[in-house]
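Chain by chain, the residues:
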Amino acid sequence: MVTTKVFSSPNRGFKDYWFASGGHPSVLLKSLQSSPLRNPEEYRKDKTLSLDILSSSTELNALTDVALLTQTGYLTIKTIEYGTSVFVGYPNKEVRTAMAQLYMEQLLGGRVAGQVGAGPIVQVLSEDGPESLFHILNRLFLSIDYHRLPVRDEFSVRAFVQIYFAAAGLDPIVERPNSHGRSDLDVGASNRHWLLEFKTSHENEDAQNKLDEAVRQIEERKYGEQISSLEKIRSITWTKENLFVGRSAEIRKFHHYTEPAVQSS
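Residues numbered from 1 in each chain as written. Predicted model: local features only at pLDDT ≥ 70, side-chain atom pairs only at ≥ 80, totals over all residues. Heavy atoms only, no water.

### A few points about the overall build of the protein
Regarding its fold elements, the protein presents nine helices and nine strands. Within the protein, contacts between residues separated by at least 24 positions form 58% of all contacts whose residues are at least 6 apart in sequence. Carbon and sulfur atoms provide 49% of the accessible area of the protein, an area that totals close to 14,500 Å². (Helix = DSSP H or I, 4+ residues; strand = E, 2+ residues; numbered from the N terminus. Contact = heavy atoms within 4.5 Å. Areas by Shrake-Rupley, 256 points an atom, 1.4 Å probe, with all protein chains shown as cover.)

### Focus on the layout of surface pockets
Approximately 480 Å³ is the volume found for the largest pocket. Listed by contribution, the elements that provide at least two residues to the lining of the largest pocket are β2 (76-81), β3 (85-89), α5 (93-107), α8 (154-167) and β4 (173-174). Among the residues making up the lining of the largest pocket, the classes are represented as nine nonpolar, four polar and eight charged. (1 Å grid on protein atoms, 1.4 Å probe; cavity = no way out; pocket = protein on both sides within 12 Å on 5 of 7 lines; lining within 4 Å. Points joined across faces, edges and corners; volume = space filled by probe spheres on them. Nonpolar A, V, L, I, M, F, W, Y, C, P; charged D, E, K, R; others polar.)

### Brief notes about α8
For α8, which comprises 14 residues, the first-to-last C-alpha distance of 20 Å matches the rise-based estimate of 20 Å (1.5 Å per residue) to within 8%. The element α8 is extensively covered by neighbouring structure, given that twelve of its 14 residues are classed as buried. Taken as a whole, α8 has its buried residues at Ser156, Val157, Arg158, Ala159, Phe160, Val161, Gln162, Ile163, Tyr164, Phe165, Ala166 and Ala167. Regarding α8, its N-cap is Asp153, as a side-chain oxygen of that residue lies 3.0 Å from the backbone nitrogen of Phe155 further along. Just downstream of α8 lies Gly169, where phi reads positive at about 90°. (Expected span 1.5 Å × (residues − 1). Buried < 20%, exposed > 50% of the residue type's maximum accessible area, 1.4 Å probe, protein only. Polar contact = N/O pair within 3.5 Å; in protein donor to acceptor, adjacent residues only side chain to side chain.)

### A word on the sheet that holds β3
An order of β1-β3-β2 is seen for the three strands of this open sheet, with the pairing classed as antiparallel. Only two strands of the sheet have a single partner each, and these edge strands are β1 (47-50) and β2. Geometrically, the sheet is characterised by an average inter-axis angle of 35° between neighbouring strands, direction not taken into account. One ladder, built from five bridges, connects β2 with β3; its direction is antiparallel. (Pairing = 2+ DSSP bridges. Axes fitted to C-alpha atoms, helices over the stretch in contact; angles between N-to-C directions.)

### Looking at the packing of aromatic side chains
Following the criterion strictly, the structure yields four aromatic pairs and no others. Taking 6.2 Å as the distance between ring centres and 40° as the angle between the ring planes, the aromatic pair formed by Phe141 and Phe160 counts as tilted. With Phe141 in helix α7 (residues 130-141) and Phe160 in helix α8, this pair connects stretches of sequence that are 19 residues apart. The structure contains a cluster of three or more aromatic residues connected by ring pairs, namely Tyr43, Tyr90 and Tyr103. (Phe/Tyr/Trp six-rings, centres within 6.5 Å; stacked < 30°, edge-to-face > 60°.)

### Some remarks on the packing of α5 against α8
Contact pair α5 / α8: the axes reach a minimum separation of 8 Å and the direction vectors enclose 125°. Judged by the inter-axis angle, α5 sits oblique to α8. Taken as a pair, α5 and α8 cross one another with a handedness that is left-handed. Residue-level contacts link Thr97, Ala100, Gln101, Tyr103, Met104 and Leu107 of α5 to Phe160, Ile163, Tyr164, Ala166 and Ala167 of α8. A class-by-class count of the residues in the contact of α5 with α8 yields nine nonpolar, two polar and no charged. (Parallel < 35°, antiparallel > 145°, perpendicular 65-115°, else oblique. Left-handed = near helix turned anticlockwise from the far one by under 90°.)

### Brief notes about the side chain of Lys47
Relative to the helices and strands, Lys47 resides in strand β1. Glu42 provides the closest opposite charge to the buried, salt-bridge-free Lys47, at an N-O distance of 5.8 Å. (Lys, Arg positive; Asp, Glu negative; His and termini not counted. Salt bridge = Lys/Arg side-chain N within 4 Å of Asp/Glu carboxyl O.)

### Some remarks on the nonpolar core
If you look at the biggest cluster of nonpolar residues, it comprises 53 residues, and the most contacted ones within it are Met104, Leu125, Leu133, Phe141, Val161, Tyr164 and Phe165. Apart from residues lying up to four places away in sequence, Leu133 is in contact with Ile121, Val124, Leu125, Phe165, Trp194 and Leu196. Counting residues in hydrophobic clusters, the runner-up holds seven residues, among them Leu195, Val215, Ile218 and Ile236. (Core = buried A, V, L, I, M, F, W, Y, C linked by side-chain atoms within 4.5 Å.)

### Some points on unusual backbone geometry
Even without glycine at this site, Ser190 takes up a positive phi of about 60°. Backbone geometry places Lys222, a non-glycine residue, at a positive phi of 55°. Here Lys222 lies in the loop between α9 (207-220) and β7 (231-240).

### Points about the environment of Leu63
Along the chain, Leu63 falls in the loop between α3 (51-55) and α4 (65-71). Residue classification places Leu63 among the buried positions, given a relative accessible area of 17%. Each C-alpha atom, one on Leu63 and one on Ile53, is 8.1 Å from the other, the two residues being ten residues apart in sequence.

### Some remarks on the confidence of the model for the protein
On average, residues of the protein score 76 in pLDDT, and 71% of them are at 70 or above. Here residues 249-265 is a poorly scored stretch, pLDDT under 50, and it has 34 contacts once near neighbours within four places are set aside; other chains count. (pLDDT = per-residue confidence, 0-100.)

### Quick look at the pairing of β1
Judged by which residues are buried, β1 turns out to be one-sided: Lys47 and Leu49 face inward and are buried, whereas Thr48 and Ser50, on the alternate face, are not. In the sheet, β1 pairs with β3 via four bridges, with the strands oriented antiparallel. Bridging from a neighbouring strand, Leu49 pairs with Val86 of β3.

Take a look at the structure:
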């Protein structure tokens with residue numbers, strides 16, 4: 001049926017068959033109500049479990065959250081350690097995107113990004129400038145319940161932005177390494193590639209110093225230089241009083257910097 005539809009309407013492409021056929025992870029919410037996996041910061045973290053749990057017969061209510069997700073296909077074995085434990089992760093982009101959407105619902109109290117004015121992130125990253133990105137991120141973060149899910153530091157900021165991008169079908173990469181260090185987050189959209197460095201400023205901290213620190217870090221560690229794309233945009237953002245502000249590369253010292261790809265001869 002799926003193949004027939006693709007051939008009859010190729011412009012529509014493949015649909016998300018797994019979830020269209022009843023596999024949407026919301027069916028597991030009741031089992032995960034008290035699970036630490038409900039915290040959106042758990043989205044990208046490595047998850048492990050014992051091989052014994054997978055090979056034995058266990059009652060549903062006795063399964064751990066990770067074992068339940070693995071047994072039902074939302075996580076799959078990536079590597080085996082010492083023959084006794086396994087690292088598990090999302091099996092494909094479809095499941096990874098759908099789980100990010102589930103976590104977004106957790107962030108926004110059951111709403112989706114479009115309902116809080118933060119829907120067109122792919123368009124913003126593909127067509128607009130850094131100011132538009134900061135504006136849409138502010139809309140998103142101002143809609144998060146900070147009592148339930150506080151934004152504590154740059155790691156939680158990065159985790160929430162990663163989920164936001166992944167839920168939109170993008171492929172954000174966290175901590176891409178080079179020979180000088182690891183960048184916070186980068187993501188491609190259309191013919192652009194964005195590199196984001198996050199810093200947080202709290203009470204009694206100078207936000208400008210944080211920005212200067214981020215600029216130096218990007219320059220000295222040459223973040224993004226190994227990426228080949230038509231256009232690169234390096235952005236530095238920070239949070240202060242729950243707001244995103246920042247600059248994207250180069251304003252006299254970094255305001256708007258785009259780096260065209262080297263044209264091949």
